[in-house]
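Report on the structure
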Amino acid sequence: MSEMNGQLLNAAIRYVELGYPVFPCVSGGKAPLTKHGFKDATTDPAQIEAWWSKHPDANIGMPTAGLLVIDVDGADNAWPSDPDKAQDLACGPVSLTPRGGRHHIFRQPKGKEWKNTASRLAPKVDTRANGGYIVVPPSVVDGKPYRWAETLELDDAPEQLPEPPVWVVAQIDGSGDLFAGSAPGGNGSAHDSPQGEDPAPRGNSIPSGQRNSTLAQLAGNMRRVGMGHAEIRAALDQTNAHRCKPPISRREVDRITASICRYDPDQIAVAVTENHWAQDQSGSSAEDTPAIPDPGPMPDELLRIPGFISEVMDYCLATAPYPNPVMAFCGAISLQAFLAGRKVRDPGDNRTNLYLLGLAHSAAGKDWPRKVNTRIVHHVGMAGCLGDRFASGEGIQDALFSDPCMLFQTDEIDGMLQSINKAKDARHENIMSTLLTMYSSANSVFPMRRKAGREPPGTIDQPCLVVFGTAIPNHYYEALSERMLTNGFFARMIILESTRRGEGQEPQILDLPDSVLATAQWWTNFRPGTGNLENWHPVPATVKQTEEARCALIEARREAEAEYGKAEDASDPVGTTVWGRVSEQTRKLSLIYAVSENHQRPEISADAARWAVRFVMHQTRRMLFMAQAHVADNPFHAECLKLMEKLRDAPDETLAHSVLLKRMKIDAKSFGVLVETLVQRGDLEVATVPRAGTARRSYRLRGET
């Protein structure tokens, strides 16, 4: 368990000891992990241990029954503007939220049975009480932690908490509907939607910018009184058609309905107040999101780095039964990253640890680069530093404890991703957590997980884990989900796709080039620190940058920051996750370019920086396009994406009705529903060619290039 995971468990136990029941929420989010949500909260330490042993990175949820939590949303929210009132609120614990807001925590006065409210006290100021819950420190959302304000930590039992100020009590008691929050607050302002927008006018129209949140509130009200999916969907269709100006897409109405109907009627109030529907939709509407252009697979000229990497690639391509430039590049760059691990760094202390994923179909040459790397590593006496599969997170830690620099070459990445996506294997979740932590620990010390009743396990000094994984494209695409894209693992990976399998060649036995073996042996013998390979504290050699290279990397960082800002403004967690790693990736790759080009006197040149920037920018945009094209919101959406992918791969993006029906492998009725949906969305056009007998129908993508 990582240090952060240990903090979560320890914090959960601490809250229980104070008398607050808690329950686990999804890692990085607020949705409950347990079947009955906050109703499953407990003060039983054994249950807490069991939950966080299974989900070590789970956030901590705390029911607010008997409490009053004032949720002030937004760092720029100056409420209350009266200094005396602000001082009143500071008499109890205060949690600072990841987005700059605040949770003021009080106990309900005797005789009160308050429920949740939305924007009753003021715009963007909600309350949590009976029937609600909050997420508490040190939980993390969108990569940022909740934390207690200094000197205002939660250190008292529930009965010892202060009661809310009198003016707060009066304002809550003087309001109307507790669920919708529709009564005016003490300042006479109107209530807000779950997203903090102004509510729809009481007239007939719902303007753009308020459509999704208003429909979600309506769906929540209907769900609260027990209405089912079909009833809610039909009602939203009517409201959307007659009041939304302009109407949102049918797909978007489906998404809102499905998200709201996930909750039992008695849980829907907290779901709407917590805005879970918007979290499910990534905070943005599909019809408002501009299409991301497809940059295509990585250009061939970017799959070359001078020096050692090109020499290894040339040997691999010359000897492979089916030469595959993408796989050869992945193998060669992973080998160089491994050999230079813990031995070099750039001026920003970036290291050479990389996670690479090569996509290719069966028998397309995925295994040959692994064999070449294995031969080279064996030849220089580093065979003990090779791994071929991930047995468990602890297994990875144990391997790196013995050999702090390791190269894992595995063909099981797609299976691991599928298991994680389907949430069926806690072992794979543990592997993912370890991989994430190891990646970020390359320039620090990783504390190994302490086991009950045993001696302290020790630490791993500057672990360098290089992963070269391969997968079959359709298996990888099936595993893609927003969860996979936003948990940080994919943002750390370099994912390269092979095109069609090339022509085979007659196998030949060639000795490994002397220059390749000499360079690999040089790296094996190179000691920037003292001691031997198994037990040493390296002080990596710093590879300097030219001024031109430094400027190119700074410019790339600023471009990535601008794109990150756009994604942040759009509440796009996939975009922020992916763009947030661009600067780090360009610096890692420019360092690897430099040591490949000249291992004895490396320098990060302008060529190295420019190549790295072009490579990472292309990779990032391709990744975002793939997320848009393949990540499904639900099974029906997955089938829509699958149909569009079939057309995208067809000549002229067009297929005859009979051909497409066969390739989709679904019944004719379901196929007809898919086609109708895509035509109405404007993604598909139907062409009918007259002929004797029955007219011939075909389908073609619209609006794609």
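Let me begin by describing the structure that accompanies this report. (Residues numbered from 1 in each chain as written. Predicted model: local features only at pLDDT ≥ 70, side-chain atom pairs only at ≥ 80, totals over all residues. Heavy atoms only, no water.)

Looking at the overall build of the chain
- Broken down by element type, the chain carries 26 helices and 25 strands.
- Considering the chain as a whole, with its 705 residues, one finds that 52% of them fall into the buried category.
- Restricting the contact set of the chain to residue pairs at least 6 apart, pairs at least 24 apart contribute 73%.
- Here the chain has roughly 31,000 Å² of accessible surface; of this, 50% comes from carbon and sulfur atoms. (Helix = DSSP H or I, 4+ residues; strand = E, 2+ residues; numbered from the N terminus. Buried < 20%, exposed > 50% of the residue type's maximum accessible area, 1.4 Å probe, protein only. Contact = heavy atoms within 4.5 Å. Areas by Shrake-Rupley, 256 points an atom, 1.4 Å probe, with all protein chains shown as cover.)

Looking at the sheet that holds strand β23 (residues 654–656)
- Read across the open sheet, the three strands follow the order β23-β25-β24; overall the sheet is antiparallel. The open sheet is flanked by β23 and β24 (684–689), the only strands paired with a single partner. Recorded for the sheet is a direction-independent mean angle of 25° between the axes of neighbouring strands.
- Pairing between β23 and strand β25 (residues 696–701): three bridges, direction antiparallel. Looking across to β25, one finds that L655 is bridged to Y699.
- Here helix α25 (residues 657–664) sits on the sheet and contacts β23 and β25; the angle it forms with β23, its principal contact strand, is near 95°. (Pairing = 2+ DSSP bridges. Axes fitted to C-alpha atoms, helices over the stretch in contact; angles between N-to-C directions.)

Quick look at the nonpolar core
- Counting 105 residues, the largest nonpolar core has I333, F338, L435, W611 and F615 as its most contacted members.
- The element that contributes the greatest number of residues to this core is helix α23 (residues 606–630), accounting for 13 residues.
- Beyond its immediate stretch of four places on either side in the chain, I333 contacts I305, I309, L354, L356, L589, I592 and W611. (Core = buried A, V, L, I, M, F, W, Y, C linked by side-chain atoms within 4.5 Å.)

Digging into helix α10 (residues 308–319)
- In this model, α10 (12 residues) spans 17 Å end to end at C-alpha, consistent with the 16 Å of a helix rising 1.5 Å per residue.
- Most of α10 is tucked away, with nine of its 12 residues classed as buried.
- Among the residues of α10, F308, I309, S310, V312, M313, Y315, C316, L317 and T319 are the ones counted as buried.
- Residues of α10 that are buried in the fold lie against α11 (325–339), α12 (368–379), α19 (514–525) and α22 (582–597). (Expected span 1.5 Å × (residues − 1).)

With respect to the pattern of salt bridges
- Going through the model one piece at a time under the given rule, you end up with 23 salt bridges.
- Note that K112 is salt-bridged to D173, the shortest N-O span being 2.5 Å. A residue pair is termed long-range when its members are at least 10 positions apart, and K112 in the loop between β5 (102–107) and β6 (117–122) and D173 in helix α4 (residues 166–173) qualify at 61 residues.
- Its relative accessible area of 39% is what places D173 among the partly exposed residues.
- For E568, the salt bridge is made with K144, and the minimal N-O distance between the two is 3.8 Å. Taken together, the positions of E568 in helix α20 (residues 547–569) and K144 in strand β10 (residues 144–145) put the pair 424 residues apart, joining distant regions of the chain.
- By relative accessible area, E568 is classed as partly exposed at 41%.
- It is possible to trace a salt-bridge network through shared partners that takes in D294, E497 and R622. (Salt bridge = Lys/Arg side-chain N within 4 Å of Asp/Glu carboxyl O.)

Digging into the pairing of strand β2 (residues 59–63)
- With five of its five residues buried, β2 lies for the most part within the structure.
- Burial along β2 is two-sided: the face carrying N59, G61 and P63 and the face carrying I60 and M62 are both buried.
- Here strand β1 (residues 23–25) pairs with β2 via three bridges, running antiparallel. Within the sheet, the bridge partner assigned to F23 lies in β2 and is G61.
- Bridge count between β2 and strand β8 (residues 133–136): four bridges; the pairing is antiparallel. Paired with M62 across the strands is I134, a residue of β8.

Here's the deal with the packing of aromatic side chains
- Scanning the entire structure with this criterion turns up 13 aromatic pairs.
- Look at W522 and F526: their rings are 4.9 Å apart centre to centre, the planes differ by 15°, and that puts the pair in the stacked class.
- By relative accessible area, W522 is classed as partly exposed at 24%.
- Taken together, F329, Y593, W611 and F615 form an aromatic cluster joined through their ring pairs.
- For the cation-ring pair, K85 lies above W167, with the distance from its terminal atom to the ring centre recorded as 4.7 Å.
- Residue placement shows R501 over the ring face of Y322; its charged tip is 3.8 Å from the ring centre. (Phe/Tyr/Trp six-rings, centres within 6.5 Å; stacked < 30°, edge-to-face > 60°. Lys NZ or Arg CZ within 6 Å of the ring centre and 35° of its normal.)

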